[in-house]
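Listed below are the residues making up each chain.
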Amino acid sequence: MDLTLSETKKRGEMELQHFSHHHPLLFIQHQSVTDEAAQCFGCEELIDGPSYGCNDCKYYLHKRCAELELTPHLNHPFHPQHLLTLFPKSPYEGRWRCDFCRRLPSSGFVYHCDPCKFDLHINCALLQSSIAPNFPTSLHQHPLFFIQDHNDEVNRDCSGCMKPVSGPIYYCLDCYLSDKRCFILHKQCAELPLEINHPYDRRKHPLTLLPKPPTHLHNCSCYLCKIQWEGFVYSCSFCKIELTLDDFFSPQTITNASHEHPWMLLSRQMSFICDFCGTTGDRTPYLCATCNLLVHKNCISLPQNIMITRHHHVISHSYSLTQLDELCRICYEEVDTRYGSYHCSASDCNYIAHVHCATDKAVWDGKSIPEDYDERSMVALDESINWITNVVEQMSFGENTVAVEIKHAYHDHNLRLTFSGEMNDDGQCDGCMRPISTPFYSCEQCKFFLHKECAELSRKKRHPFHKHVLMLKKSKTSVYPCSSCRRLYHGFSYKCDDKGCAFECDIRCILLSDTLEHPSHEHLLFLIRNFSAKCSACRRNGNPWDMAYRCTKRCDFTLDLQCATLPLTTWYKHDRHPLTLTCTDDSDPSQHYCDLCEHERDPNDWFYYCAECDNTLHSKCALGDLPFLKIGSNLQIESNLYTYIFHNHPHPFTIVKNIWDCPPCKVCGEVCNEQALQCKKSECNFSVHWDCRYQLRL
């Protein structure tokens, strides 16, 4: 059955009635969307050519996606147990992963099996695949699918050589569905000989292909154990020799455009320091006899010029720099400039980084910059045009001109600039959700506020928190967790537009950089990943996927991003003065109490303090449970990590700020002071603390 109905002519224009949308879709030869780049609702890629669209609903499909002949039911080899049913979008409302490529799309066509909760997004459902015959069970126990062209739908590393997959692949769906592990092989890795003779083994024993290195002693110090190798290996049990697939595929001679002489493989086990990256190796280096250089095989292909998230200029690879030793601006460890490093050649810029720091996957997107790059175009990215679509009125102050009335793409009415005056302590910036402060733009027709710096945020941005370019997105009514600090938030965000990447960062985090000067510590702090130590402010343990700031002087001071983004001042409704974030407490132990909740304070935890009124509050009491959510909005959380089910309660909750006549919490009976959740249905009409939400019982 063809679910895409025939095209008709209407007023000289082509229209299409598509199964996925209730309005006819008009043919658009050249996509032109004024407020944001349009996304195809079929495959979720950006519209980059002819399309069909409904401008009233902002619903668009690539011409190729709209004209696909899709069957309503599909018998697919990835799921032979049941037929898959076509849906215009996932029934899970954006909280599903494709069971083949594991990506997390928010919409798009999907083939779905309800009994098995099995889903394939449209690109994967259309892949041509077949069962690979006669694959050795010694290497893998399940049958594998052979896929000639996966159209980059699989963004994983090969289980054999541990390098990103490309070209034809072999794929095991059983492993993923049973224990969420992926087993994928390049075609060349899947078709390797099971035994070889290799010149590296001078005793001429055959080496056997194994799916993982043999079990070694606990204190083994061989090369493979030191790097915790996980891929295929050729092994000789008599000689205790193991070759990775990278060793096996190593040619005797390599020529590279970045070096004028050929590199020759030394097929022997030897210790050396790589001249290109400065780290040690203990096997099969490559030698340039003319320059007397020893390098790792992977270092031969290091790109000459790259752009990383931590620096706004292009940085270049070089070795044997004449300058004195410097500190790496990523890890703040010493760089030995006798060996290779990446440095910035821009005037008055002394940026330098270790090779492995600069080429880390979290910092670099894997793309090299050509020799004839235009540095000005790179710098212009962070200065790209903002979403102010029209300056209605401007004023001159000396040599400076300021826009005092603007039209912003993310609001329907004109916004007027306020320079000074008393603030309403209930006002929130609709961009960053922080309390409003001057200067700010506001709407005279509705309660919409934007700090001046939030109104002028660039549309595109590079940021140290993420390796891809980020796009500024408008406020949403749904609640999302920030990918950096993990807090729930409303307001503007910067979202990664790279296919299959779900990174989304709130504005408070995006205003941070790779270094931080914080009044709580005397030294500069630098950004680290895989944060596992305790935060010095809240003493929470970090998680492997978290980021934090650490002291450059190595004095064990660390701040997680939640504490690093705490406002330095805030207001409390019963105090005439702002409260200041305070990091140490030398007062008498009898004074270690919060003046709001009247519970004891831990003197090691940060708190907010007014010296004039001698008021002291827990940071949570001063800011509220949900400080970066919009007061008065309904709680609609749309992330698979934060899908909260309010036990047995059928109605939405509204975020409220209780000032006077605070009702008690439905669960604990304590007063719901400041922020709380409220069910406003007449038959319910109760409030509950955020931390008590799980204990609700009707």
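Residues numbered from 1 in each chain as written. Predicted model: local features only at pLDDT ≥ 70, side-chain atom pairs only at ≥ 80, totals over all residues. Heavy atoms only, no water.

Draft legend 1. Representation of the packing of aromatic side chains in the model. Within the structure shown, the criterion is met by 16 aromatic pairs. Members of the aromatic cluster, connected to one another through ring pairs, are F135, F146 and Y170. Positioned above the aromatic ring of W387 is the side chain of R459, whose terminal nitrogen or guanidinium carbon lies 3.6 Å from the ring centre. The lysine or arginine in question, K666, covers the ring of F686, its NZ or CZ lying 5.2 Å from the ring centre. (Phe/Tyr/Trp six-rings, centres within 6.5 Å; stacked < 30°, edge-to-face > 60°. Lys NZ or Arg CZ within 6 Å of the ring centre and 35° of its normal.)

Draft legend 2. Structural view of the sheet that holds strand 43 (residues 525-529). Spatially, the four strands line up as an open sheet ordered 42-43-44-45, and their pairing is antiparallel. Edge positions in the sheet fall to strand 42 (515-516) and strand 45 (558-560), since each has one partner strand and no second. Relative to strand 44 (residues 547-551), strand 43 is paired through five bridges, and the arrangement is antiparallel. Residue pairing across strands places L527 opposite Y549, the latter belonging to strand 44. (Pairing = 2+ DSSP bridges. Helix = DSSP H or I, 4+ residues; strand = E, 2+ residues; numbered from the N terminus.)

Draft legend 3. Representation of the pairing of strand 32 (residues 400-408) within the structure. With eight bridges connecting them, strand 31 (residues 388-397) and strand 32 associate as antiparallel partners. Counted as the bridge partner of S396 is T401 from strand 32. In this structure, strand 32 lies alongside strand 33 (residues 414-418), joined through three bridges in antiparallel fashion. Opposite E405, over in strand 33, you have R416 as the bridge partner. Linking strand 32 to strand 33, which pair antiparallel, is a turn of five residues.

Draft legend 4. Structural detail: the sheet that holds strand 17 (residues 241-244). Taking strand neighbours across the sheet as the criterion, the four strands line up as 14-15-16-17 in an open arrangement whose pairing is antiparallel. Taken across any chain shown, the strands that pair with only one partner, and hence form the sheet edges, are strand 14 (195-196) and strand 17. Note: strand 16 (residues 233-236) against strand 17, four bridges, orientation antiparallel. By the bridge assignment, Y234 is partnered in strand 17 with L243.

Draft legend 5. Representation of the nonpolar core. Membership of the largest hydrophobic core comes to 68 residues, with the highest contact counts inside it found for L450, F465, L472, I507, Y549, L559 and W606. Those residues in contact with W606, other than ones at most four positions away along the chain, are H518, S520, A537, F557, L559, C563, L566, L581, T582, C583 and S619. Among the nonpolar cores identified, the runner-up in size contains 64 residues, and C124, C158, C161 and C175 belong to it. (Core = buried A, V, L, I, M, F, W, Y, C linked by side-chain atoms within 4.5 Å. Buried < 20%, exposed > 50% of the residue type's maximum accessible area, 1.4 Å probe, protein only. Contact = heavy atoms within 4.5 Å.)

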